[in-house]
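Here's the letter readout for the chains.
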Amino acid sequence: MSSANAQGIPSVDRVLTALGRVPLPRPLTARLVRETVQELRESGDALEDWGGWEGLMIRVRGRIDALFRSRIAPVINGTGVLIHTNLGRAPLAEGVARSVAEVARSYSVLEFDLECGERGRRGGFVETVLAELLAAEAATVVNNCAAALVLILGNIVRSSGRREVVISRGELVEIGGGFRVPAILEASGARLREVGTTNRTTIEDYAGAMGPDTALLLKVHRSNFFMEGFVQSPATEELAALGRERGVPVVEDQGSGALVRTGEIACVEHEPTVPDALRRGVDLVCCSGDKLLGGPQSGVIAGKADRVAALKKDPLFRALRCDKLILAALQETALVYLKALETGNPPELPLMHMLGLPVETLQVRAERMAGALEGSPGTVRIGKALSRIGGGTMPKSTLESVSVDLRPQGGSAQDLARRLRQRTVPVIGYIDQDWWRLDLRTVFEHQDAAATLSLREELARKGPCP
Ligand SMILES: *Cc1c(COP(=O)(O)O)cnc(C)c1O
């Protein structure tokens, strides 16, 4: 090796030249090569300790592949978790995705008024559609539900000159991904006024805690856990009435964005809907756009017209507003719901479809897949699975489902799982007592063939996982 130093370490250029074709652009590849060579140098190891030139190249290629695979790209979700936060929460409907692509490729009427040919209201259409859909006086949308809550709390605190937000101790929750209600409150400049106990809070607790510094009453949906037993909290109607009586707004963080009665689509618990909350008299409701609502990441806000108007005038609103692609996706998703209301059928969204899939259909698909895997090394079995809603919603609900389970011949289920994650279209399953399992409820039917091919090829592959 001509350009090697005392440790026998080749130069970055030499490694780059030897790599040949790689999936990443050259600057990124060079960065990874530099890092790897640097690491070898700093380790004090000789090149031979890393398996020589070959060993070094394997390591570099491994890094390049790993970085390439980490870009945002589709995967097959065989986890059975419908709203999988790590896998992008709700998939968009086909027609919705097409509309987004069209808007993305073109100029659009984002803030343009076609009537007068001048600057128009950004998001005006989606706000109208959402207001109608949610049976609200007005609605608007920001980046996500956490942002919606920060905006609402901050706005009410600043405009009222009062700082206290009254909330039940049973609702001081962590939703996941670091979303803790007390932290959000603090970030909004509000002061927490906890009332009641973890399991029981009464309307008198709220009333007793209210004073001249009370800015609002906050109700947070316990999305990702449930309490049973000696449990009590006041009805939303009571809370709304108390707020009205004292002239203090009542805000509900509904979380999931359920708009239809989930119990009518599948055998799952009833999730209170956004229109339910408004009907019960709260002033403002916020929810996520990409949970049960089945749209893009966004925070939908709905309620009293003057309250919504105040939020839109808040300087923070500009910082939290949504991109045009999100507005396009949300607008089309909301239209899907309105169409469903007309026909009386469930909204034609992937989430609703998956929720309603009968076990018999999944069984047929599993048998077809298992049939196509016959003769592969290892064991293939059709299993009974339990899908979950996920995304921190409806923790009590599971849905009976069907899975294709694999046990590789030689090597572990973990090895197989790793290999399947490294496919061009990664297949993500889960491991359960030495079986690698693919829950078909969250696999789109049009992905069955591709998934089967991946399973067959990876079962047949010998040797340890790279
Ligand atoms: C999920 C959830 C949030 C956070 O929503 P994002 O859209 O992820 O910001 C807030 N509140 C509740 C009750 C939730 O369930």
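The following refers to the structure shown.

## Side note on the side chain of Thr333
Next, step 1: By the element assignment, Thr333 lies in helix H14 (residues 324-343).
Next, step 2: What Thr333 contacts, discounting residues up to four positions off in sequence, is Val96, Leu293, Gly294, Gly295, Pro296 and Leu349.

## Details of the sheet that holds strand E9 (residues 191-195)
Next, step 1: The sheet built from seven strands is open, its strands ordered E5-E13-E12-E11-E10-E6-E9 with mixed pairing. In this open sheet, the two strands that pair with only one neighbour each are strand E5 (138-142) and E9. Across the sheet, the mean angle from the axis of one strand to that of its neighbour is 25°, orientation sign disregarded.
Next, step 2: Bridge analysis of strand E6 (residues 164-168) against strand E10 (residues 214-220) gives three bridges, and the strand direction is parallel. Bridging from a neighbouring strand, Val165 pairs with Leu216 of E10.
Next, step 3: In this fold helix H12 (residues 305-313) packs onto E5, strand E12 (284-288) and strand E13 (299-303), with an angle of close to 30° to the strand it touches most, E5.

## Digging into the site of the ligand
Next, step 1: Residues in contact with the ligand, as listed here, are Arg89, Asn144, Cys145, Ala146, Ile175, Phe179, His221, Ser223, Asp253, Gly255, Ser288 and Lys291.
Next, step 2: Here an oxygen atom of the ligand sits 2.9 Å away from a polar atom, N or O, in the main chain of Cys145.
Next, step 3: Side-chain polar atom of Lys291 to an oxygen atom of the ligand: 2.8 Å apart, as the coordinates give it.
Next, step 4: Starting from 390 Å² of accessible surface for the ligand in isolation, the protein chains cover 94%.

## Considering the nonpolar core
Next, step 1: Residues Leu130, Leu134, Leu217, Leu278, Tyr337, Leu355 and Ile389 are the most contacted members of the largest nonpolar core, which totals 57 residues.
Next, step 2: Per-element tally for this core: the top contributor is H14, with six residues.
Next, step 3: The contact partners of Leu134, leaving out residues within four places of it in the chain, are Leu259, Val274, Pro275, Leu278, Val300 and Ala302.

## Re the sheet that holds strand E14 (residues 379-390)
Next, step 1: Strand order in the open sheet made by the five strands is E2-E14-E15-E18-E17, with mixed pairing throughout. Two strands in the sheet have a free side with no partner beyond their single neighbour: strand E2 (81-83) and strand E17 (430-432). Each strand axis lies, on average, 40° off the axis of its neighbour in the sheet, ignoring direction.
Next, step 2: Examined bridge by bridge, E2 and E14 share two bridges and lie parallel to one another. Each residue of the ladder has a partner; that of Val81, found in E14, is Arg388.

## As for H14
Next, step 1: If you check H14, its first and last C-alpha atoms are 29 Å apart, about what 20 residues at 1.5 Å a residue would give, namely 28 Å.
Next, step 2: Within the span of H14, buried status applies to Leu327, Ala328, Ala329, Leu330, Thr333, Ala334, Val336, Tyr337 and Ala340.
Next, step 3: Those residues of H14 that are buried are in contact with helix H4 (94-105), helix H5 (124-133), E5, E13 and helix H15 (350-356).
Next, step 4: In this structure Asp323 caps H14, since a side-chain oxygen of it lies 2.9 Å from the backbone nitrogen of Leu325.
Next, step 5: Looking at the residues trailing H14, positive phi occurs at Gly344, about 80°.

Quick notes on the rules
- Residues numbered from 1 in each chain as written.
- Predicted model: local features only at pLDDT ≥ 70, side-chain atom pairs only at ≥ 80, totals over all residues.
- Heavy atoms only, no water.
- Helix = DSSP H or I, 4+ residues; strand = E, 2+ residues; numbered from the N terminus.
- Contact = heavy atoms within 4.5 Å.
- Pairing = 2+ DSSP bridges.
- Axes fitted to C-alpha atoms, helices over the stretch in contact; angles between N-to-C directions.
- Near = heavy atom within 4 Å.
- Polar contact = N/O pair within 3.5 Å; in protein donor to acceptor, adjacent residues only side chain to side chain.
- Areas by Shrake-Rupley, 256 points an atom, 1.4 Å probe, with all protein chains shown as cover.
- Core = buried A, V, L, I, M, F, W, Y, C linked by side-chain atoms within 4.5 Å.
- Buried < 20%, exposed > 50% of the residue type's maximum accessible area, 1.4 Å probe, protein only.
- Expected span 1.5 Å × (residues − 1).

These figures come from the coordinates and say nothing about function on their own.
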